[in-house]
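So the chains spell out like this:
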Amino acid sequence: MKNSRLVAGNWKMFTTPEEARTLTSEIVRHQTAFGPVEVALFPPFTSLAAVREIVGKTKIRLGGQNMHFESEGAFTGEVSGQMLKASGCSMVILGHSERRQHFGETDQIINRKLKKALGVGLAPIFCLGETLSERKSGKTFEVLERQLTHGLEGLSFDEIKLVIAYEPVWAIGTGVNATPQQAAEAHRFLREKLAALIGVPITQNLCILYGGSVKAEIAKGLFAEKEIDGALVGSASLKAAEFVEIVKKARI
Ligand code: PEP
């Protein structure tokens, strides 16, 4: 749908600063092969500085994996959007299913975080997706609609400058990926819902990523779908060669 694609690497709770430096250097070594594909890296907070040192002079974007909805305060263990910006980030992942599942993040919390991120000038990757039991019971679209509408509640059309990542929970870290057709169907649904929600056809420019066990070997099939504007890659982004292959396959 978009003219260029985005491939984002979510490193989750992996890499020390030293390991992050090695991984980033390997990825950067291949940057001329990326063509028009935008690349963004999401290391853990403790490795942001190390990655920034290397990507600072490149077009590769840096992002945080999470943030708090307040600017500052007595919230031990949290970081704010302003802190991410000051650490060189231009993006942040919000609503990831691991945060929903293990840290109790609700649609309402994610909504507050999205508002804050957009308010401080970070581009969020807003993740949503159904669980296996929700898919099996035919509730996929109901769940996606709820997550989308509650997540974006109170945001105006002007403010909705975000990337959406459709990440079926059953495909994350499981090695089982959605078929390109399943992903495209969900992306189409999200694009239509968002257009209906904000009442403006901006959704042509809306970037919707697929995430869930993306590997180089399945990337070509996924990117053959025009609804799929890129990928949010977890475990495969920890291997430079594999990640670079996925980026290459995203070239239009
Ligand atoms: C993710 O962390 O967003 C993800 C999709 O992980 P994986 O690629 O490992 O399934």
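It should be emphasised that the depicted structure is a prediction, and the values quoted were computed from it without experimental measurement.

Rules used throughout
- Residues numbered from 1 in each chain as written.
- Predicted model: local features only at pLDDT ≥ 70, side-chain atom pairs only at ≥ 80, totals over all residues.
- Heavy atoms only, no water.
- Helix = DSSP H or I, 4+ residues; strand = E, 2+ residues; numbered from the N terminus.
- Buried < 20%, exposed > 50% of the residue type's maximum accessible area, 1.4 Å probe, protein only.
- Core = buried A, V, L, I, M, F, W, Y, C linked by side-chain atoms within 4.5 Å.
- Contact = heavy atoms within 4.5 Å.
- Near = heavy atom within 4 Å.
- Polar contact = N/O pair within 3.5 Å; in protein donor to acceptor, adjacent residues only side chain to side chain.
- Areas by Shrake-Rupley, 256 points an atom, 1.4 Å probe, with all protein chains shown as cover.

Following the sequence through the fold, Lys-57 ends up in the loop between helix H2 (48-55) and strand E3 (61-64). On the basis of relative accessible area, Lys-57 is assigned to the exposed category, the value being 85%.

What follows concerns the nonpolar core. Core analysis: the biggest nonpolar cluster contains 63 residues, and Val-7, Ile-27, Leu-41, Ile-164, Tyr-210 and Ile-246 have the highest contact counts within it. Per-element accounting of this core gives the leading share, 6 residues, to helix H8 (residues 180-198). Contacts of Val-7, omitting those with residues within four sequence positions, involve Val-37, Glu-38, Val-39, Ala-40, Phe-223, Ala-231, Val-233, Phe-243, Ile-246, Val-247 and Ala-250. Core analysis: the next-biggest nonpolar cluster, separate from the first, contains 14 residues, Ile-93, Ile-125, Cys-127 and Leu-232 among them.

Moving on, we come to the site of the ligand. Neighbouring residues of the ligand: 14 residues in total, closest Lys-12, His-96, Glu-167, Gly-173 and Ser-213. The side chain of Lys-12 places a nitrogen or oxygen atom 2.8 Å from an oxygen atom of the ligand. Within the backbone of Ser-235, one N or O atom sits 2.9 Å away from an oxygen atom of the ligand. Alone, the ligand offers 290 Å² of accessible surface; in the complex the protein occludes 99% of this.

With respect to the helices, strands and loops of the structure, Asn-10 is situated in strand E1 (residues 6-10). Given a relative accessible area of 5%, Asn-10 falls into the buried group. Here the side chain of Asn-10 touches Lys-12 through a polar contact of 3.0 Å, landing on its backbone nitrogen. Setting aside residues no more than four positions away along its own chain, Asn-10 makes contact with Phe-42, Gln-65, Ile-93, His-96, Leu-232, Val-233, Gly-234 and Ser-237.

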